[in-house]
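# Topology and contacts: notes
Next come the chains, spelled out residue by residue.
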Amino acid sequence: MAWTTPRQDPDRNRRRLQLLAELAGARAVRQRSRPQRQRTERLRQLIATRRRVVG
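Residues numbered from 1 in each chain as written. Predicted model: local features only at pLDDT ≥ 70, side-chain atom pairs only at ≥ 80, totals over all residues. Heavy atoms only, no water.

Within the protein one finds one helix and zero strands. Out of the 55 residues belonging to the protein, those deemed buried represent 0%. Working note: accessible area of the protein is about 5,900 Å², and carbon and sulfur atoms make up 55% of it. (Helix = DSSP H or I, 4+ residues; strand = E, 2+ residues; numbered from the N terminus. Buried < 20%, exposed > 50% of the residue type's maximum accessible area, 1.4 Å probe, protein only. Areas by Shrake-Rupley, 256 points an atom, 1.4 Å probe, with all protein chains shown as cover.)

On to a nonpolar patch on the surface. A grouping of L17, L19, L20 and L23 is seen on the molecular surface, where their side chains present a nonpolar patch of about 360 Å² in accessible area. Secondary-structure assignment places L19 in helix 1 (residues 10-54). Assessed through its relative accessible area of 47%, L19 is described here as partly exposed. (Patch = residues over 30% accessible without salt bridge, like charges linked within 9 Å, V, L, I, M, F, W, Y side chains within 5 Å. Salt bridge = Lys/Arg side-chain N within 4 Å of Asp/Glu carboxyl O.)

Printed below as a string of structure tokens:
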């Protein structure tokens, strides 16, 4: 039996593309926020190290 690709409904295809675009946008926002999170974590580590050395 030959595999055939079913024709997708145009509305379904449009919704799928819209969803993929929204996911890509959310992923881009998360990636932009990560450097701030990394800086915050590094700062916490430095503060903890300093407290151990001083205290």
